[in-house]
Amino acid sequence: MKLHHTQTEKESYEKMTPKVFLIYVLIVVFCLIVISPLIIVFSSSFRIPENQTSPLYLFTQFSLESYKRAFVNMNYPQEFLNSLITTGGSVLVVVLFATMAAYPIGRIKAKPARFLYYFFISGLVIPSQMVIVPIAQTMSRMHIPNTRLTPMLMFITCSMPFSVFLYAGFMKSVPVEIEESAYLDGAGLWQRFSKVVFPLLKPATVSTVITQGLWIWNDYFYPMVFISKKDQYSLPVGMIQFLGDKENPAQWNVLFASCILCALPLIIIFMLLQKQFINGIAAGAVKG
Amino acid sequence: MTTEARTGKKDKNRSPVFTNKMYFFTIPALAFFLVFWIFPVLQLFYYSITNFNGINYHYDFVGMKNYVKIFQNGTILNSVKITLIYAVIIVVLSNLIGLGAALLLNTRIRGKGIFRTCAYFPALFSAIVVGFIWSYVYMPTSGMIASLLTMAGLDGTSFNPLGSFQWALFAIALVEVWKSFGTTMIIYLAGLQTVDESLLEAGRIDGCTEWQLIKMVKIPLIYPTITINVILSVIAGLKAFDFSFIMTNGGPGKSTKTLMFQIYEIAFNDQKMGRASAFSVVAFFLIIMITVLMLFFMNKKEVEL
């Protein structure tokens, strides 16, 4: 597939016929429609908060006043740090536990392994809101206090079905022979897993980190239910506090700046790692 | 070596390398999954026959009263209907737009990367941010669409989709499509890249039009990709919660109260955990039923091809 890709890239581009021109026009118009709300948000975020002229006049003013106010309102450094800890910690545990679980599931050809595979996947269809009542009771009965840790437990759990599914799919591409020779060289089970199999699963790990990291960073539901202290809010939960400001047009420019600030870390990562992102998302669905 | 060989002898047709000892590796993941996901699902059945309010642990068993109530006052049927409409919109639009964009971008044109980035960009944003942005887009009078209508000489002041019983659901479903079609497109693009170029060449030599190539060669060949995309969007559609919660708060009236929103509202606003659990149990069976039907239908179709 890699070969095929480079081949098409080397091929010449389509000549400019009326049909090709029409394709260009279609794509450009479509893309403009899709990103127009984002352009307006971006342009308005650079206005001073008091500027109430129509946001449709793009980039008429450049000021960081709205950003300054959003930065303070959100308590940005604190919320950013909370998001980072929550997402980083959860993804780390997910990668470790999901690879471990997928190892026997992908390797052993027997009924229990297949049962476990479908058992984990079945978790995909259950929505969080559906089980939130008993989950909240479980947490309080296990005396787990409402800290940053509580939503992390749920993030890890909810990521398991998809990650196990992904790793089990990728496990097929790790040749059995490599492991067998490691076994003959006297490698134990854990050594075989950590030194031989895990490094070879790197594409699946990239895919897991991106797909799961993306939703965990963006999720507001679990932190909203389980976190009560303001200094433990993550970025999306911080945004929920502004829901009331929606009704107040005087707040829009600051609100737009907050939106950009909230998404900024992901935008930067996406810009830097675009190829890995696109491949990781596609691999998640195609390989599994 | 000797011990391994012995275990190998014990269960035949299993290699000595991949022993049952490997199952221990599933314990951490399984522990999380059972305690925080499967066990809560089972607890739903128990809570659904109580009048538990989330605070007071001295609750009573009320039998089927919760179920009778949600069916009698029509909340469950209303939410099922709304969720199904929402899911159908997501599945149809997200896949049509995603596949269409992927087919356009799979041609040999310049600037493919930029277009792909544009289409995928909305997927990066948190639902809460997307909700804010589209609240502005849909805002009456001074919102993006309303001002564009006014500029075009039309009546922008009467444009208020989120306040309309008829359009609110479509409006928030469209937001979800905006956010999700990029991911769908990426998956379709990956699927289209596996289509053998020589097959298309052969078709062209036989005089097929571009549309015929798409219909007769590309679509049948990417059937597995279509299956996975449809399944993913059905699951996403049935989980609808975000934009009802952020943009419309279930309103106007009950017109955007999806199953998950209704459950959340009964549990956390009305403090009726028992009734919310009964709701969840019904939702659970509905989701399982739809998933099983879908898998059955999709698998059957795939064999035929």
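Relevant structure appears above.
Attention in this report is confined to the structure presented alongside it.

## Topic: the overall build of chain B
Scanning chain B for helices and strands turns up 14 helices and 0 strands. Against the 2.2 N^0.38 benchmark of 19 Å for 305 residues, chain B shows a C-alpha radius of gyration of 25 Å, more extended than a compact globule. With respect to the three principal axes, the spread of C-alpha positions in chain B is 85 × 75 × 35 Å. For chain B, the proportion of its 305 residues judged to be buried stands at 54%. Here chain B has roughly 14200 Å² of accessible surface; of this, 67% comes from carbon and sulfur atoms. The average position of the 24 basic charges and that of the 15 acidic charges among the side chains of chain B differ by 7 Å.

## A short note on the packing of aromatic side chains
Inspection of the entire model under this criterion finds 50 aromatic pairs over all chains. Arranged with centres 6.4 Å apart and planes meeting at 10 degrees, the rings of A:Y222 and A:F226 form a pair that is stacked. Of this pair, A:Y222 and A:F226 are both found in helix α11 (residues 221-226), 4 residues apart, which corresponds to roughly one turn of the helix. Each member of the pair, A:Y222 as well as A:F226, is classed as buried. Centroid distance B:F284 to B:F285: 5.6 Å. Interplanar angle 65 degrees. Geometry classified as edge-to-face. When its relative accessible area of 16% is taken as the criterion, B:F284 is described as buried. These aromatic residues form a ring-pair network of at least three members: A:F155, A:W215, A:Y220, A:F221, A:Y222, A:F226, B:F241, B:F245, B:F261, B:Y264 and B:F268.

## Some thoughts on empty space enclosed by the protein
For the structure on display, the rule yields 3 cavities of 30 Å³ or more. The space that makes up the largest cavity amounts to roughly 1500 Å³. Contributing to the lining of the largest cavity are 43 residues, with A:W215, B:E176, B:L232, B:A236 and B:K239 lying nearest its centre. Looking at the lining of the largest cavity element by element, the count peaks at 6 residues for helix α8 (residues 168-193) of chain B. Within this model, the second largest cavity holds a volume of roughly 50 Å³. For the lining of the second largest cavity, the secondary-structure elements that each account for two or more residues are α4 (76-107) and α10 (202-218) of chain A. Ranked by residue count, the leading element in the lining of the second largest cavity is α4(A), at 3 residues.

## Focus: a nonpolar patch on the surface
Residue and element names in this part refer to chain A. A contiguous nonpolar patch, built from M16, F21, V25, V29 and I33 and spanning about 500 Å² of accessible area, is present on the exposed surface. Counting through the fold element by element, V29 comes out in helix α2 (residues 18-44). Judged by its relative accessible area of 44%, V29 is partly exposed.

Thresholds, definitions, all that
Residues numbered from 1 in each chain as written. Chains lettered and ligands numbered in written order. Predicted model: local features only at pLDDT ≥ 70, side-chain atom pairs only at ≥ 80, totals over all residues. Heavy atoms only, no water. Helix = DSSP H or I, 4+ residues; strand = E, 2+ residues; numbered from the N terminus. Rg over C-alpha atoms; globule rule 2.2 N^0.38 Å. Buried < 20%, exposed > 50% of the residue type's maximum accessible area, 1.4 Å probe, protein only. Areas by Shrake-Rupley, 256 points an atom, 1.4 Å probe, with all protein chains shown as cover. Lys, Arg positive; Asp, Glu negative; His and termini not counted. Charge placed at Lys NZ, Arg CZ, Asp CG, Glu CD. Phe/Tyr/Trp six-rings, centres within 6.5 Å; stacked < 30°, edge-to-face > 60°. 1 Å grid on protein atoms, 1.4 Å probe; cavity = no way out; pocket = protein on both sides within 12 Å on 5 of 7 lines; lining within 4 Å. Points joined across faces, edges and corners; volume = space filled by probe spheres on them. Patch = residues over 30% accessible without salt bridge, like charges linked within 9 Å, V, L, I, M, F, W, Y side chains within 5 Å. Salt bridge = Lys/Arg side-chain N within 4 Å of Asp/Glu carboxyl O.

Purely geometric numbers; function is a separate question.
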